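A structural walkthrough
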Amino acid sequence: MDFGDNFDQQDVDPAAEFLAREQNALAGLEDDLNPPPAQPKTEPDNGTLESSESFEMINNIESHEQTNVNAKPPMEEPEKIKKWREDQKKRLEEKDREEEKKKEELKQQAKKELEDWYKQHEESITKTKSSNRNAEKNFVAESTEIEPGTEWERIAKLCDFNPKASKTSRDVSRMRSIILQLKQNPVTIKRE
């Protein structure tokens, strides 16, 4: 019974067949791409090449590269691509100019803001200095008037008795209450 199958033929590898066809088709191109192999030396190799041989190899490679470059004429760009490149170059130049303008504006604005900040800072320092001088004059004027029994009143003036202090500070309510008690009922010290 013959079903049209021919099992007596040897198995043919399609990949090997394809490679063989391509190798035959491309056989002449190998010589164009690869430089000719260097001639084997008849002298024993002591690790150095003679200078004339190495220059010959370099010259062969360079001349081979030049022939490959000269073999293909350079392709000219289509007109649309040339036009696009020119337009793109103009757009980029315009963007660069705009960017420089914006940079300059930002620099001017930053310079003005910095000058304003320095003015404000200088004014606040001047105000703080004058208020500190006035407070110092008042403190010195009051410190010369030390009377017995007024020590706790002076201490109470220096303390902040605001019960709503910041949450990060310690609880000083007990100290505050003691200072207020001593202010109202000062302790007299007997001197002997």
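The structure presented is a predicted model; accordingly, all values stated were derived computationally and were not measured. (Residues numbered from 1 in each chain as written. Predicted model: local features only at pLDDT ≥ 70, side-chain atom pairs only at ≥ 80, totals over all residues. Heavy atoms only, no water.)

This part takes up the packing of helix H5 (residues 151–158) against helix H6 (residues 173–184). Viewed as axis vectors pointing N to C, H5 and H6 meet at an angle of 145°, and their least axial separation amounts to 8 Å. Pair H5 / H6 crosses with left-handed handedness. In contact with Trp152, Glu153, Ile155 and Ala156 of H5, H6 contributes Ile179, Leu182 and Lys183. Residue composition of the contact of H5 with H6, grouped by class: 5 nonpolar, no polar and 2 charged. (Axes fitted to C-alpha atoms, helices over the stretch in contact; angles between N-to-C directions. Helix = DSSP H or I, 4+ residues; strand = E, 2+ residues; numbered from the N terminus. Left-handed = near helix turned anticlockwise from the far one by under 90°. Contact = heavy atoms within 4.5 Å. Nonpolar A, V, L, I, M, F, W, Y, C, P; charged D, E, K, R; others polar.)

This structure, assessed with the given rule, holds 1 aromatic pair. Centroid distance Trp117 to Tyr118: 5.2 Å. Interplanar angle 70°. Geometry classified as edge-to-face. (Phe/Tyr/Trp six-rings, centres within 6.5 Å; stacked < 30°, edge-to-face > 60°.)

A cluster of nonpolar side chains, contributed by Leu114, Trp117 and Tyr118, occupies part of the molecular surface with about 350 Å² of accessible area. Structurally, Trp117 is set in helix H4 (residues 79–143). By relative accessible area, which is 46% here, Trp117 ends up partly exposed. (Patch = residues over 30% accessible without salt bridge, like charges linked within 9 Å, V, L, I, M, F, W, Y side chains within 5 Å. Areas by Shrake-Rupley, 256 points an atom, 1.4 Å probe, with all protein chains shown as cover. Salt bridge = Lys/Arg side-chain N within 4 Å of Asp/Glu carboxyl O. Buried < 20%, exposed > 50% of the residue type's maximum accessible area, 1.4 Å probe, protein only.)

Turning our eyes to something else, we now look at the pattern of salt bridges. Evaluated as defined, the whole model comprises 5 salt bridges. Here Arg97 makes a salt bridge to Glu94, at a shortest N to O gap of 2.7 Å. In this pair, Arg97 and Glu94 are both assigned in helix H4, 3 residues apart and thus about one turn of the helix distant. For Glu94, a relative accessible area of 36% puts it in the partly exposed group. A salt bridge links Asp116 to Lys112, with the shortest nitrogen-to-oxygen separation between them at 3.6 Å. Taken together, the residues Asp116 and Lys112, both in helix H4 and 4 residues apart, mark about one turn of the helix. Given a relative accessible area of 51%, Lys112 falls into the exposed group.

A contiguous patch of negative charge on the surface is contributed by Glu93, Asp96, Glu99, Glu100, Glu104 and Glu105. By the element assignment, Glu100 lies in helix H4. (Lys, Arg positive; Asp, Glu negative; His and termini not counted. Charge placed at Lys NZ, Arg CZ, Asp CG, Glu CD.)

Mean pLDDT for the protein chain: 75, with 59% of residues reaching 70 or above. When mean pLDDT is compared element by element in the protein chain, H4 scores highest at 94, while helix H3 (residues 51–71) scores lowest at 56. (pLDDT = per-residue confidence, 0-100.)

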